[in-house]
Amino acid sequence: MNITENDHTNDYTSANGHTIEAYGRDIKSLTLDELKAAMEAMGEKTFRARQMYEWLHRKLATDYTQMSNIPQTLAGRCRERYDLTVLDAVRVQESALDGTRKYLFRLPDGNLIESVLMRYRHGNSVCVSSQVGCRMGCRFCASTLDGLERNLLPSEMLEQIYSIIRDTGERVSNVVVMGSGEPLDNYDNLLRFIMLLTDDDGLHISQRNVTVSTCGIVPMIRALADEKLQITLAISLHAATDDKRRQLMPVANSYSLRELIDACGYYFEQTGRRITFEYSLVKGVNDSGEDAAKLASLIGRLNCHVNLIPVNPVRERGYVQSDRYAVEAFKDRLEKKGVNVTVRREMGRDIDGACGQLRRRYMSGN
Ligand code: SAH
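These remarks concern the structure in this document. (Residues numbered from 1 in each chain as written. Predicted model: local features only at pLDDT ≥ 70, side-chain atom pairs only at ≥ 80, totals over all residues. Heavy atoms only, no water.)

1. Considering the site of the ligand
Then, in step 1: Neighbouring the ligand are 18 residues; Gly-181, Ser-213, Ser-236, His-238 and Asn-312 lie closest to it.
Then, in step 2: Measuring from an oxygen atom of the ligand, one finds a side-chain N or O atom of Ser-213 at 2.6 Å.
Then, in step 3: Within the side chain of Glu-278, one N or O atom sits 3.3 Å away from an oxygen atom of the ligand.
Then, in step 4: Coverage of the ligand by the protein chains reaches 92% of its 530 Å² of free accessible surface.
Then, in step 5: Elements represented by at least two residues in the shell around the ligand include exactly β8 (210-214) and β10 (275-281). (Near = heavy atom within 4 Å. Polar contact = N/O pair within 3.5 Å; in protein donor to acceptor, adjacent residues only side chain to side chain. Areas by Shrake-Rupley, 256 points an atom, 1.4 Å probe, with all protein chains shown as cover. Helix = DSSP H or I, 4+ residues; strand = E, 2+ residues; numbered from the N terminus.)

2. Regarding the packing of helix α2 (residues 32-41) against helix α3 (residues 47-57)
Then, in step 1: At their nearest, the axes of α2 and α3 sit 8 Å apart, and the two run at 130° to each other. Taken together, the axes of α2 and α3 are oblique relative to one another. Note that α2 runs across α3; the crossing there is right-handed. Note on element contacts: α3 touches α2 through Arg-48, Ala-49, Arg-50, Met-52, Tyr-53 and Leu-56, opposite Leu-32, Leu-35, Lys-36 and Met-39.
Then, in step 2: Class assignment for the residues of the contact of α2 with α3 results in seven nonpolar, no polar and three charged. (Axes fitted to C-alpha atoms, helices over the stretch in contact; angles between N-to-C directions. Parallel < 35°, antiparallel > 145°, perpendicular 65-115°, else oblique. Left-handed = near helix turned anticlockwise from the far one by under 90°. Contact = heavy atoms within 4.5 Å. Nonpolar A, V, L, I, M, F, W, Y, C, P; charged D, E, K, R; others polar.)

3. With respect to the pairing of strand β3 (residues 112-120)
Then, in step 1: Of all the nine residues making up β3, seven are buried; the element is thus mostly covered by neighbouring parts of the structure.
Then, in step 2: The pairing of strand β2 (residues 101-106) with β3 spans six bridges and is antiparallel. Among the inter-strand pairings, Leu-104 is bridged to a residue of β3, identified as Glu-114.
Then, in step 3: Hairpin connection from β2 to β3: five residues lie between these consecutive antiparallel strands, with Gly-110 at a positive phi of about 95°.
Then, in step 4: The pairing of β3 with strand β4 (residues 123-127) spans five bridges and is antiparallel. From the neighbouring strand, Tyr-120 faces β4, where its bridge partner is Gly-123. (Buried < 20%, exposed > 50% of the residue type's maximum accessible area, 1.4 Å probe, protein only. Pairing = 2+ DSSP bridges.)

4. Considering the environment of Gly-24
Then, in step 1: If you trace the backbone, Gly-24 turns up in the loop between α1 (19-23) and α2.
Then, in step 2: In the structure, Gly-24 is positioned 59 residues away from Asp-83 in sequence and 9.2 Å away in space, judged by C-alpha atoms.

5. Observations concerning the sheet that holds strand β7 (residues 174-177)
Then, in step 1: The ten strands lie next to each other as β1-β2-β3-β4-β7-β8-β9-β10-β11-β12, forming an open sheet whose pairing is mixed. Unpaired on one side and paired on the other, β1 (88-94) and β12 (341-343) mark the two borders of the sheet. This sheet shows a mean twist of 20° between the axes of neighbouring strands, independent of strand direction.
Then, in step 2: In this sheet, β8 lies alongside β7 in parallel orientation, the contact comprising three bridges. Along β8, the bridge assignment pairs Val-176 with Thr-211.

6. Let's talk about the pattern of salt bridges
Then, in step 1: Counting across every chain of the model gives 23 salt bridges.
Then, in step 2: The partner of Asp-243 in a salt bridge is Arg-246, with the nearest N and O atoms 3.4 Å apart. Here Asp-243 pairs with Arg-246, and both are found in helix α8 (residues 242-248), just three residues apart, close to one helical turn.
Then, in step 3: Under the relative-accessibility criterion, Asp-243 is labelled exposed at 53%.
Then, in step 4: When its relative accessible area of 33% is taken as the criterion, Arg-246 is described as partly exposed.
Then, in step 5: When the shortest N-O distance is used, the salt bridge between Lys-283 and Asp-323 registers 3.9 Å. Here Asp-323 lies in the loop between β11 (304-310) and α11 (324-336) and Lys-283 lies in the loop between β10 and α10 (289-299), a separation of 40 residues in the sequence.
Then, in step 6: One network of salt bridges, in which partners are shared, links Glu-94, Arg-101, Arg-119, Asp-167 and Glu-170. (Salt bridge = Lys/Arg side-chain N within 4 Å of Asp/Glu carboxyl O.)

7. Some words on the packing of aromatic side chains
To describe a pair of aromatic rings, you give the distance between the ring centres and the angle between the ring planes.
Then, in step 1: By the definition in use, this model includes two aromatic pairs.
Then, in step 2: Geometrically, the ring pair formed by Tyr-103 and Phe-105 is stacked, given 5.4 Å between the ring centres and 10° between the ring planes. Judged on exposure class, the residue Tyr-103 and its partner Phe-105 are both buried.
Then, in step 3: With 5.1 Å between their ring centres and 35° between their planes, Tyr-279 and Phe-330 make a pair best called tilted. Of this pair, Tyr-279 sits in strand β10 while Phe-330 sits in helix α11, placing them 51 residues apart in sequence.
Then, in step 4: Since its relative accessible area comes to 1%, Tyr-279 is described here as buried.
Then, in step 5: Assessed through its relative accessible area of 2%, Phe-330 is described here as buried.
Then, in step 6: A cation over an aromatic ring shows up here: Lys-59 above the ring of Trp-55, its NZ or CZ 4.0 Å from the ring centre.
Then, in step 7: Across the ring face of Tyr-266, the terminal group of Arg-222 is positioned such that the distance to the ring centre comes to 5.0 Å. (Phe/Tyr/Trp six-rings, centres within 6.5 Å; stacked < 30°, edge-to-face > 60°. Lys NZ or Arg CZ within 6 Å of the ring centre and 35° of its normal.)

Listed below in structure tokens is the structure:
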């Protein structure tokens, strides 16, 4: 993976390889090699970089004073030069139903984001946010109601996981980038985050256990395919015709379903990874037998899997969940056409599980 040669620049990264300058004071967003260069530039021995990296990404230090094998003078100089990004959990809710924990974190600049810890039998999974707010405008989603505030830095994405590990003392084996924000709208930071997260010298989470979910920004899906990572790509589909998809997701005005499905085929060709399609069922909108038949023929030839999700009602939106019978009927129809399909277990229903809901409630004073 090459994180410096993309031309998809944003506020935080440069396309020409000046990554240390671009990440400025943010030490937790630096790779080990960059940290080595930073130590050299400070006139320090490079083995200090490895020690420091271990404190940051393995021992999950929250302050330079914890780094017991780093001389105090060096710790002091690092403190002057670099911020050590730590998130402050302002609210934590645990589901009485399934142990899901939802965190509301305050970022160093005061912005709020949400993350979720889901405890499954096969291990713990953390759902991380990739942006503060979102500009994609999906009609059923609470994260996008106030638009995009800013991109998250790699360190801010990592810290969501690190904070949760520190808080629970539990291991995390899976990471899904499915919280607030559109990860492919924050592409360079996303790649750097994945690199640090899956690094042998960090938490070393397997790429196969990382899922990135996108509303379907076609050129970025193709760019991601070219990185040839082993991560799972999840596509928020939610409709099987362009007309219907445009009503739910403004991004469908930019890219047709044909282009999207072709890009998914390309992702599979480049990576060998099966695509996941997410399909939120909204009563009377996209849950009919005809919708299921159209979906099956749209994706039928791809190596893929469909996750059906009864839509989470968002007060501001007025969409209603399909009833259980409609969900089962939809699933049966897909299965009869040979499509791999599961109905997503709803986690944390009692704690505002849906994207962006906890943050909105907190900000409106409830
Ligand atoms: N922007 C990315 C990731 C964030 S949204 C994307 O679009 O995939 C994560 C998933 O939750 C997406 O599939 C999104 O469509 C879905 N989602 C958002 N609001 C929802 C709601 N109210 N009910 C059910 N699913 C929702």
